[in-house]
Protein chains: 2
Amino acid sequence: MKPDAKVTLHMVASLDGFIARRDGSVDWMATADEYPAGATLDPEFVEAFLASIDCYVMGSRTYEIALGFEANGAGWAYGDTPTFVLTTRELPRARDSVTFFAGDLAELLNGLRAEHENIWVAGGGQVAAELLRRGLVDEISYAILPVLIGDGIPFFGRLDADAPLHLADVKAWSSGMVELRYQVRRDLLQQPPPARS
Amino acid sequence: MKPDAKVTLHMVASLDGFIARRDGSVDWMATADEYPAGATLDPEFVEAFLASIDCYVMGSRTYEIALGFEANGAGWAYGDTPTFVLTTRELPRARDSVTFFAGDLAELLNGLRAEHENIWVAGGGQVAAELLRRGLVDEISYAILPVLIGDGIPFFGRLDADAPLHLADVKAWSSGMVELRYQVRRDLLQQPPPARS
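Cut-off values and rules
- Residues numbered from 1 in each chain as written.
- Chains lettered and ligands numbered in written order.
- Predicted model: local features only at pLDDT ≥ 70, side-chain atom pairs only at ≥ 80, totals over all residues.
- Contact = placed C-beta atoms within 7 Å.
- Helix = DSSP H or I, 4+ residues; strand = E, 2+ residues; numbered from the N terminus.
- Nonpolar A, V, L, I, M, F, W, Y, C, P; charged D, E, K, R; others polar.
- Pairing = 2+ DSSP bridges.
- Least-squares fit on C-alpha atoms with pLDDT ≥ 70 in both.
- Axes fitted to C-alpha atoms, helices over the stretch in contact; angles between N-to-C directions.

Moving on: the interface of chain B and chain A. Counting residues at the interface gives 32 residues for chain B and 32 residues for chain A. Of all the elements in the fold, those that place two or more residues in the side of chain B that touches chain A are β8 (147–148), β10 (163–172) and β11 (178–184) of chain B. Ranked by residue count, the leading element in the side of chain B that touches chain A is β10 of chain B, at seven residues. The class makeup of the residues in the side of chain B that touches chain A is 21 nonpolar, five polar and six charged. Both strand β10 (residues 163–172) of chain A and β8 of chain B contribute to a ladder of two bridges, which runs antiparallel.

Written as structure tokens, this is what we have:
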């Protein structure tokens, strides 16, 4: 177990909390706002940031969206970084860095914690909800785009109990996106239910 | 019509977008976070801010929550500022500043725009959703508390179309609350449906 291993749940959402339309589309993410007081997202920052991520975990729907982007020429967003896809379905394997996993989420994350420090959960809503419900998340990185879409796939799912958070950072970008970073206050969490297996 | 009249939709919500639990309770709003980099909410600021509000508009559920606070000794949050409560029900009138209104929301707001500049909509979810759906909102003031509550009454309701926004301000408070202010981009809004009457 890496002593500093950390599981971060990351998502980009509309202000009304949706990560995709009901049909999975994310066309609304191309917002046209400008917030002059915000920071500029320069390519070197993005590169250094992506290089800091040791592995990705995602659900099968998110993986399919990523495959769709690649098929449409937008490229594969996760580079050669090891990417673990939670699924019980047969899905095409995009590249060698992709591993499918059909077992228990806690088991996967414990395995990853032994080898990786910065474990990045890229969604979607079902995986996020299960992780939060089971107390398996250290940090939430929640980026809010300046748009309401009215309906869609929500980022946050139902929880069995409140999850108190600690606000760790707030960053506004010149695109009008606001990024909030929270630590899950495990010290205040009610006991999560035992892992299913 | 006051030329600078502005309708602001204001709400305090959990990170997962709820303004109250299903039973209307808001006990979870007493979060225990500290964000040292945030601004301190000093009493003079609060007083000046509240004095800048010319009138309040709210739904009947929000009004009942306010009545409940007052009954529990927490006081009446809206001072002597004119407060318009949307309802078709018979409700106790908390004070002289309260007016009940059972007609169309657009008609109420147009009337208020003739007399007031800073019109503050204090919730709840149903009123917020109708205002947004009908393009009657100029600004959204959305304050996020550092907690997930997993279920409850959502702030944002279903819309018929996307509502593009302009990020106008971001403020983090020492309590861990983050306040986002947006302008609704009416220039990009699709035509709202005609007013029901």
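A few words now on the relation of the copies chain B and chain A. You can overlay chain B on chain A at an RMSD of 0.0 Å; the transform is a turn of 180° with a shift of 0.0 Å along its axis. Such a combination of rotation and displacement between the chain copies is what one expects of a two-fold axis. Proximity to the rotation axis, assessed at the C-alpha, singles out G17 of chain B in chain B; its C-alpha lies 3.4 Å from the axis. When you check the interface residues of chain B against chain A, 100% turn up at the interface there too, and the contact is symmetric in its surfaces.

In this section: unusual backbone geometry. As a rule of thumb, non-glycine residues mostly have phi less than zero, and peptide bonds are mostly trans rather than cis. Cis geometry is adopted by the peptide bond preceding G124 of chain A, which originates at G123 of chain A and carries an omega value of 0°. Relative to the helices and strands, G124 of chain A resides in the loop between β6 (118–121) and α4 (125–133).

Quick look at the pairing of β6 of chain A now. Residues and elements named next belong to chain A. Sheet analysis places strand β1 (residues 6–14) next to β6, joined by four bridges and oriented parallel. Residue V7 lies in a different strand from β6, and its bridge partner there is I119. In the sheet, strand β3 (residues 55–59) pairs with β6 via three bridges, with the strands oriented parallel. Residue pairing across strands places V57 opposite V121, the latter belonging to β6.

As a further point, take the sheet that holds strand β1 (residues 6–14) of chain B. Judged by pairing direction, the sheet is mixed, and its nine strands sit side by side in the order β8(A)-β10(B)-β11(B)-β7(B)-β1(B)-β6(B)-β3(B)-β4(B)-β5(B) without closing on themselves. Since the sheet does not close on itself, it has two edges, and those belong to β8 (147–148) of chain A together with β5 (98–101) of chain B, each with one partner. Where strand β4 (residues 83–86) of chain B meets β5 of chain B, four bridges bridge the pair, whose relative direction is parallel. Each bridged residue has a counterpart across the sheet, and for T83 of chain B the counterpart in β5 of chain B is V98 of chain B. Contacts from helix α2 (residues 60–71) of chain B reach β3 (55–59) and β4 of chain B within the one sheet, and its direction differs from that of β3 of chain B by about 105°.

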